[in-house]
Structure formats: C-alpha cells, structure tokens
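Okay, here's what each chain looks like letter by letter:
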Amino acid sequence: MSKVTMLNMAGAEAGTIELNDAVFGIEPNQNAVHAVVKNILANKRQGTQSAKTRAEVRGGGKKPFRQKGTGRHRQGSSTDPSQVGGGVVFAPKPRSYRYTLPKKLRRLAMLSMLSSKAQEKELIVIDEIKFEEPKTKEMVKMLDAVKAEKKALIVMAEKDENVIKSAANIPGVRTALVGTMNVYEIINHGSLILTADAVKRIEEVYA
C-alpha cells in the first residue's frame, strides 16, 4: 500500500492515508480506458437526426420534363436524389447508439484512471469537505488552498447539497458520488479530489 498526504480544507497537512495498490496502483490499461470513453460518448448521443428519402419527399408524380430534345439528362421524378429538393440517399433516421461493454472491462478502465491520477500526482485527498451553507466563495478558496487545477472533479461518499451547490457555479468544477463517477469525467478533469470517506468507499467497491 502506498501512502499519500491528506490535506484539510485550508490546504494544510492532516496526516497520511494509505491507498490500496489494487485500486490506485495498477498499470493503467489505455485500451480499456479508450473503449469505455468511446462507449460513454456513444451512449450520450441522442440519435434524433432524420432526413427524407425519395419515397418521403413531396412531389414526384409528374415527369419533370420530356425525355428527349431538351439537351438535359433524362429524368423521371423530381424526388430523385440528383434533383434539387429531391430525397437523400441512405437518409439518416432516428436510432439508438447505445451499446454495453463487459463489466470487467469497465472495472479495469476505472481502476486504470484512478491509478493514473495517483501516479501523475493529480489525486488530492481531503479529510473532509463541509460547509455550513452553500458558498461559492468558500469552495473557490478551498480549491485554491489545495492547489487544484481549474478543471476539478470532487468525489464524495455521501450526497451533500451544500458542497454540490457551492461548486455548481464554478466553471470546470464538477461534483459526483462514488457510485455516479465515470471514467470520462475523471479523464476530462485535471484534478481528482476525493474525501477520505470516498477513498474508503472506492476501495470497498473496487478492491
């Protein structure tokens, strides 16, 4: 097990915490991370794009112009894709882009990202994040104190509305629970901030 320095909200040292190497110390698997990020982005797609085929475009009942003598190419319908206002060849239709990946692959990708953050010194562990009331100014002060990057993901063990609301108006800062965080959010934020309780919960789930 590796030890990391734990900070308090003021940025001062608050002891050390041991990280389970099975969760925070594996060799990152980039292929697994890529597959899961691709899956998350595909599942986010709405798939509402739609265009009309030649069968759905209005018109087409009358031959646009006579077969011969015009100097133009022969044409039998105004709905032909080669015509202005005609249908679309292989027109896109509403569809779902969702697909699932094996649980082991998703788990490997999560462990890879947690380990990567720890190895690249982008993991910040705070003993406790607590606010008396929602205060954006206090959250900014805490992020500055712990030297977090502008894009930071704060992961908590339990839902805390004061923390969530305090971070809601800060560009680039997101909050999540251990059960709702995903690989894409971790990779998309420079700093991963975990509470001590969140570290324990993560190790319970993934160790």
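These numbers were taken from a predicted model, which means no experiment stands behind them.

Asker: So what about the packing of helix α3 (residues 103-119) against helix α7 (residues 196-206)? Which residues, and what values?
Answerer: Axis separation between α3 and α7 bottoms out at 12 Å; the angle between their running directions is 145 degrees. Regarding α3 and α7, the two cross each other, and that crossing is left-handed. Of the residues in α7, those touching α3 at Arg-107, Met-110, Leu-111 and Leu-114 are Ile-202, Val-205 and Tyr-206. In the contact of α3 with α7, the residues fall into 6 nonpolar, no polar and 1 charged.

Asker: Describe α3, listing the residues and the values that go with them.
Answerer: The terminal C-alpha atoms of α3 lie 24 Å apart, and with 17 residues this matches the ideal 24 Å at 1.5 Å per residue to within 8%. Listing the buried residues of α3 in full gives Ala-109, Met-110, Leu-111, Ser-112, Met-113, Leu-114, Ser-115, Ser-116 and Lys-117. In this structure, the buried residues of α3 make contact with α1 (21-24), α2 (30-44), β3 (123-126), α6 (183-188), β6 (191-195) and α7. Where α3 terminates, the next one or two residues include Lys-121, which has phi positive at roughly 60 degrees.

Asker: Can you tell me about the packing of aromatic side chains, naming the residues and giving the values?
Answerer: Overall, the coordinates contain 0 aromatic pairs when judged by the stated rule. One residue, Arg-45, lies across the ring of Tyr-97, its end atom 3.7 Å from the ring centre. For the cation-ring pair, Arg-95 lies above Tyr-97, with the distance from its terminal atom to the ring centre recorded as 3.9 Å.

Asker: So what's going on with the pattern of salt bridges? Which residues, and what values?
Answerer: Tallied over the entire structure, the rule returns 7 salt bridges. Salt-bridge contacts for Asp-160 lead to Lys-130; the nearest nitrogen and oxygen are separated by 4.0 Å. With a gap of 30 residues between them, Asp-160 in the loop between β4 (152-156) and α5 (161-168) and Lys-130 in the loop between β3 and α4 (136-145) connect regions that are remote in the sequence. For Asp-160, a relative accessible area of 16% gives the class buried. When the shortest N-O distance is used, the salt bridge between Glu-185 and Arg-174 registers 2.2 Å. Taken together, the residues span a long stretch of sequence, with Glu-185 in helix α6 and Arg-174 in strand β5 (residues 173-177) at a distance of 11 residues.

Asker: Describe in detail the confidence of the model for the chain, supporting the description with residues and values.
Answerer: Residues with a pLDDT of 70 or more make up 100% of the chain, whose mean pLDDT is 93. Per-residue pLDDT, averaged within each element of the chain, yields its smallest value for strand β1 (residues 2-7) (88) and its largest for α2 (96).

Asker: For the nonpolar core, give the residues involved together with the corresponding values.
Answerer: Within the largest apolar cluster, 34 residues are counted, with the highest numbers of intra-cluster contacts made by Phe-24, Leu-114, Met-181, Leu-194 and Ile-202. Considering every element that reaches this core, the biggest residue donor is α2, with 6 residues. Beyond its immediate chain neighbours, meaning those up to four positions away, Leu-194 contacts Phe-24, Leu-123, Ile-124, Val-125, Ile-126, Val-155, Val-199 and Ile-202. Formed by 18 residues, the second largest nonpolar core is a distinct cluster that contains Phe-131, Val-146, Ala-152 and Val-163.

Rules used in this analysis
- Residues numbered from 1 in each chain as written.
- Predicted model: local features only at pLDDT ≥ 70, side-chain atom pairs only at ≥ 80, totals over all residues.
- Heavy atoms only, no water.
- Axes fitted to C-alpha atoms, helices over the stretch in contact; angles between N-to-C directions.
- Helix = DSSP H or I, 4+ residues; strand = E, 2+ residues; numbered from the N terminus.
- Left-handed = near helix turned anticlockwise from the far one by under 90°.
- Contact = heavy atoms within 4.5 Å.
- Nonpolar A, V, L, I, M, F, W, Y, C, P; charged D, E, K, R; others polar.
- Expected span 1.5 Å × (residues − 1).
- Buried < 20%, exposed > 50% of the residue type's maximum accessible area, 1.4 Å probe, protein only.
- Phe/Tyr/Trp six-rings, centres within 6.5 Å; stacked < 30°, edge-to-face > 60°.
- Lys NZ or Arg CZ within 6 Å of the ring centre and 35° of its normal.
- Salt bridge = Lys/Arg side-chain N within 4 Å of Asp/Glu carboxyl O.
- pLDDT = per-residue confidence, 0-100.
- Core = buried A, V, L, I, M, F, W, Y, C linked by side-chain atoms within 4.5 Å.

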